[in-house]
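Breakdown of the fold
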Amino acid sequence: MTNEGLVKGGEFLLREAVGRTQFTPEDFTSEQRQIAETTEAFVDNEIFPDLEQMEEQDFPLLIEKLRSCAKLGLFLVDIPEKFGGLELDKSTSMLVAEKLGPTGSFAITSSGQTGIGSLPLVYYGTAQQKQKYLEKLTSGEWIASYCLTEPDCGSDPLSSRTTATLTEDGSSYLLNGVKQFITNAAFADLFTVFAKIDGQHFSAFLVERSMAGLSIGNEEKKMGLKGTSTAQVVLANVRVPVENLLGEVGKGHKIAFNVLNIGRLKLAATVTGAAKAAFAEAVNYAVERKQFGQTLASFGAIREKLADMLGDLFAAESLLYRTSGLLDERIETLDRDDDNYYEHYQKAIEEYAGECAIAKVFCSNTLAHVADEALQIHGGYGYIRDYPVERIYRDERVNRIFEGTNEINRLLIPGLLLRRADSGALDLWSLVKAVQGKFQSGDIKDVGDNTLFGTELSQLATQKKLFLLLLGALGENRSEQEILLALGDMIISLFALESSILRTSKIFSTVSERQKRLLQAVVKVTTFTGVDRFQSAAMRCATYGVHGANLVALQKTITSLCAYPAIGLLKAKQQLAEAAAESGSYPF
Ligand SMILES: Cc1cc2nc3c(=O)[nH]c(=O)nc-3n(C[C@H](O)[C@H](O)[C@H](O)COP(=O)(O)OP(=O)(O)OC[C@H]3O[C@@H](n4cnc5c(N)ncnc54)[C@H](O)[C@@H]3O)c2cc1C
């Protein structure tokens, strides 16, 4: 088994896009498409008809629906075959999460079960622990939850105050503390609880609901996701047998953070599904509703909104499945029979922690943009509960807060890149030097040719060089969070742009003439938006971190290198909006 030829995490920044390829939604096999259809049919037939009732916190009904979902095998996707699971790839797992996404509360409840609730056990559990609990979870007999956050520690979970103390006879740990905002708390049977042994060694424990001393606080009254349970989990001298320690003493941070990498990608998939649903609501309303004697969809103001929403959605979908494809390629090189399989598996996932964080931020921001504009297109009706877009808008907000706030993730992205460069895993600094040298001796702007997406590819190549040039110009001056956030935003927009162009280049020759025109239009729109976002972040970064005459020169360079000649942009937007109006949904 070899990693040769595999793309490294963060490497996209250092290599030319030309000639590269990636996994795309168009690569799904008929088996994967069938799983997607089964999930969609389940959502349409079993969840949507009862959604309103579930929004009233009818937890018995919610549990019944979770069990129906389990019966279809949808809880088996990430579970090892050895324990009765399907052990499918991450792309399939993301596809299922995307299809559940439009259900809001149900999606978050079920991903609490199959994602952060079950994966710690799957990745770090002993054979005995898996034997004892996994089947209960995959059948839906038991519900899982993940308890990391505390009243005084959210973004900084390692400052946890929950303690675990070994009993004198060495048979158990006594857990004490309070966990805050725990999804599924009201009805969960198994809690993965993080606590510090002797107040020092951060570790994870499998805690059963029936263990004496565990109690659940009152339900939080939330803005959205009203059908989910969110409550405190209170641990007062809960006696947990030593066999229920998960992983090693003092290695809880590995469990917490590695599981969050997949949790973030799953969230990216869930919100992409929700954003597609919001987009369909917006389009259908715009086609139906008339003002001034014509449909909303015929107004340029509305067409522009639809096209911009579509551009972000296309980029979100492209980078989501590109990332799951990267994970799958690497995981495929591992030997499932190796005793240390999950150790290698974790390393494979950790490799792409940056890409998972990018997906979380970009896709949740996309849902925020799409949900907000979908509501705006509904006018006053969007503010009224009878319209689905009202719920989507309320449910959206928390996605930028949980699974690591978007600020924490935006800081993590450049942090990981710089750490990988310092450790020698990425040859970042020699490239920075090379670009600086080139810049001093001439221009670093790539000139586009007439090949397919030649202009966009050269714009992307130019921006990558500009990113390296800026890193070099900052020197050691990159400790301020404001600078790191700007670097993070540049990286995010580069990944989104490249993922859209590479996907389109890959599928272009296989689609109809009409679809080709749409793909050209969407690449134009995503490139225009991507360059705009990149430029804004680059300007912030330079202005915060570079001073004097160097800054003035750099600002001029940024302006000239970010000039993308988006000829025909207006027509491209009109084409996209018309295609959406014709199909009544996301047209790709
Ligand atoms: C509906 C819901 C469900 C949840 N489900 C779960 C669950 O199942 N399990 C679980 O463990 N947790 C869960 N959470 C908790 C969630 O993960 C936390 O709310 C989140 O991690 C943020 O922590 P906090 O709320 O304490 O905010 P804080 O950490 O206090 O952050 C407040 C603000 O400060 C910013 N900030 C904090 N630190 C920094 C920093 N170093 N640099 C820059 N900015 C910073 C943040 O970005 C944020 O904008 C849930 C939360 C909600 C609302």
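Residues numbered from 1 in each chain as written. Predicted model: local features only at pLDDT ≥ 70, side-chain atom pairs only at ≥ 80, totals over all residues.

Regarding the overall build of the chain
Secondary structure assignment for the chain yields 19 helices and ten strands. Its C-alpha atoms give the chain a radius of gyration of 24 Å, within 12% of the compact-globule value 25 Å for 588 residues. Here the C-alpha coordinates of the chain stretch approximately 75 × 60 × 45 Å along the principal axes. Expressed as a percentage of the 588 residues in the chain, the buried residues total 52%. Partitioning the contacts of the chain with sequence separation of at least 6, the portion at a separation of at least 24 is 79%. (Helix = DSSP H or I, 4+ residues; strand = E, 2+ residues; numbered from the N terminus. Rg over C-alpha atoms; globule rule 2.2 N^0.38 Å. Buried ≥ 20, exposed ≤ 12 C-beta atoms within 10 Å, placed from the backbone. Contact = placed C-beta atoms within 7 Å.)

Here's the deal with the site of the ligand
Neighbouring the ligand are 21 residues; Leu148, Gly154, Ser155, Thr183 and Thr405 lie closest to it. For the shell around the ligand, the secondary-structure elements that each account for two or more residues are β1 (144-147), β3 (172-183) and α13 (406-422). A per-class count over the shell around the ligand returns ten nonpolar, nine polar and two charged. (Near = placed C-beta within 6 Å. Nonpolar A, V, L, I, M, F, W, Y, C, P; charged D, E, K, R; others polar.)

Here we look at unusual backbone geometry
A positive phi angle is found at Leu225, which is not glycine, with a value near 45°. With respect to the helices and strands, Leu225 occurs in the loop between β6 (214-216) and β7 (230-241). Residue classification places Leu225 among the buried positions, given that 25 C-beta atoms sit within 10 Å. The phi torsion at Glu403 lies on the positive side, around 60°, for a residue other than glycine. Relative to the assigned elements, Glu403 resides in the loop between α12 (388-396) and α13.

Comments concerning the environment of Ala231
Mapped onto the elements, Ala231 comes out in strand β7. You can call Ala231 buried: it has 21 C-beta atoms within 10 Å. Note: C-alpha distance between Ala231 and Ala144 (87 residues apart in sequence) is 14 Å. Not counting residues within four places of it along the chain, the set of residues in contact with Ala231 comprises Ile182, Ala185, Ala186, Ile216, Gly217, Asn218, Glu219 and Glu220.

Description of the pairing of strand β2 (residues 163-166)
Alignment of β2 against β3, held across four bridges, turns out to be antiparallel. Considered in β3, the bridge of Thr163 is made with Asn176. Here β2 folds back onto β3, and the loop between the two strands holds five residues, one of which, Gly170, carries a positive phi near 75°. By the bridge criterion, two bridges tie β2 to strand β4 (residues 190-197) in an arrangement that is parallel. Residue Thr163 lies in a different strand from β4, and its bridge partner there is Lys196. (Pairing = 2+ DSSP bridges.)

Comments concerning helix α7 (residues 127-138)
With twelve residues, α7 should cover 16 Å at 1.5 Å per step; its first-to-last C-alpha distance of 16 Å lies within 8% of that length. Within the span of α7, buried status applies to Tyr133, Leu134, Leu137 and Thr138. Considered in projection along α7, the buried side chains sweep an arc of 125° and stay on one side of the axis. Residues of α7 that are exposed and point more than 90 degrees away from the buried face comprise Gln128 and Gln131. (Expected span 1.5 Å × (residues − 1). Arc of directions from axis to C-beta.)

Let's talk about the pairing of strand β5 (residues 201-208)
When you tally the buried positions in β5, you get six out of eight residues, the bulk of the element. Bridge count between β4 and β5: eight bridges; the pairing is antiparallel. Across the sheet, residue Ile197 finds its bridge partner in β5, namely His201. Here β4 folds back onto β5 in antiparallel fashion, the turn holding three residues, of which Asp198 has a positive phi close to 55°. Summarising the sheet, β5 and strand β8 (residues 245-246) pair through two bridges and their orientation is antiparallel. Paired with Phe205 across the two strands is Leu245, which belongs to β8.

Considerations on the domain arrangement of the chain
Assigned domains within the chain: domain 1 (25-142), domain 2 (145-246) and domain 3 (427-583). Centre-to-centre separation of domain 1 and domain 3, based on C-alpha positions: 37 Å. (Domains from an automatic or database assignment.)

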